[in-house]
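Given next are the chains, with one letter for each unit.
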Amino acid sequence: MISTAKSVDEFLTTLEAEDRAVFEKIRALFLRYAPGTESMQYRMPGYGTGDTMIGGFNRQKQYLALYINPEAVDPHRAALKKLGLDCGKSCIRFRNPADLPLALAEKLIKGAAKLAKKKPE
């Protein structure tokens, strides 16, 4: 979905209730592990510091997407595959909001935030 929203709050108001509910939970996780890093990047909510992208999320035409630093995704690829989630280099795609386990999303976001803190500026 190409969004023209100027803020994450505005972006969330454009979503259907079920999609908005899961993205509000994901947003809370990003804000817990990467506070103060929220902005609209690439026409979607993004989280990162300086040049270091931690992740983001978006609603595409056919699926929902969680974007995470690929280094944080790599240790969890087997679990993602076992859950039947479509996973690219840094994108986890899921058709139904209930398909993404929030405990796994939390591990991914926490791992990406740790990697960002280790990266020299």
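Quick look at the structure, then. As the structure is a computational prediction, the values presented were derived from the model and not from experiment.

## Side note on helix α5 (residues 102–118)
For α5, spanning 17 residues, the distance from its first C-alpha to its last is 24 Å, which sits close to the expected 24 Å at 1.5 Å a residue. Looking at α5, one finds that the buried residues are L104, A105, L108, I109, A112, A113 and A116. On its buried face, α5 sits against α2 (17–33), β3 (52–59), β4 (64–68), α3 (70–73), α4 (77–82) and β6 (91–94).

## Remarks on the packing of aromatic side chains
This model, assessed by the stated rule, comprises four aromatic pairs. Arranged with centres 6.1 Å apart and planes meeting at 25°, the rings of Y47 and F57 form a pair that is stacked. Of this pair, Y47 sits in strand β2 (residues 44–49) while F57 sits in strand β3, placing them 10 residues apart in sequence. Here Y47 falls in the buried class, since its relative accessible area comes to 0%. Members of the aromatic cluster, joined through ring pairs, are F11, F23, F30, Y47 and F57. Lying over the aromatic face of Y63, R93 brings its terminal NZ or CZ to 6.0 Å of the ring centre.

## Here's the deal with the sheet that holds strand β1 (residues 38–41)
If you walk across this open sheet you meet the six strands as β1-β2-β3-β4-β6-β5, and the pairing is antiparallel. The open sheet terminates on both sides in strands that have one partner only, identified here as β1 and β5 (86–87). One ladder, built from four bridges, connects β1 with β2; its direction is antiparallel. Residue pairing for β2: M40 is matched across the bridge by P45. Across the sheet, α2 lies against β1, β2, β3, β4 and β6, angled at about 170° from β3, the strand it touches most.

## Some thoughts on a positive patch on the surface
Taken together, the side chains of K110, K114, K117 and K118 define a basic patch exposed on the protein surface. As for its placement among the helices and strands, K114 is situated in helix α5.

## Structural notes on the nonpolar core
Counting residues in each nonpolar core, the largest one holds 32 residues, and the members touching the most others are I26, F30, F57, L66 and I68. Every element with two or more residues in this core is listed here: α1 (8–13), α2, β3, β4, α3, β6 and α5. Examining the composition of this core, we find that seven residues originate from one element, α5, more than from any other.

Procedures and definitions
Residues numbered from 1 in each chain as written. Predicted model: local features only at pLDDT ≥ 70, side-chain atom pairs only at ≥ 80, totals over all residues. Heavy atoms only, no water. Helix = DSSP H or I, 4+ residues; strand = E, 2+ residues; numbered from the N terminus. Expected span 1.5 Å × (residues − 1). Buried < 20%, exposed > 50% of the residue type's maximum accessible area, 1.4 Å probe, protein only. Contact = heavy atoms within 4.5 Å. Phe/Tyr/Trp six-rings, centres within 6.5 Å; stacked < 30°, edge-to-face > 60°. Lys NZ or Arg CZ within 6 Å of the ring centre and 35° of its normal. Pairing = 2+ DSSP bridges. Axes fitted to C-alpha atoms, helices over the stretch in contact; angles between N-to-C directions. Patch = residues over 30% accessible without salt bridge, like charges linked within 9 Å, V, L, I, M, F, W, Y side chains within 5 Å. Areas by Shrake-Rupley, 256 points an atom, 1.4 Å probe, with all protein chains shown as cover. Salt bridge = Lys/Arg side-chain N within 4 Å of Asp/Glu carboxyl O. Lys, Arg positive; Asp, Glu negative; His and termini not counted. Charge placed at Lys NZ, Arg CZ, Asp CG, Glu CD. Core = buried A, V, L, I, M, F, W, Y, C linked by side-chain atoms within 4.5 Å.

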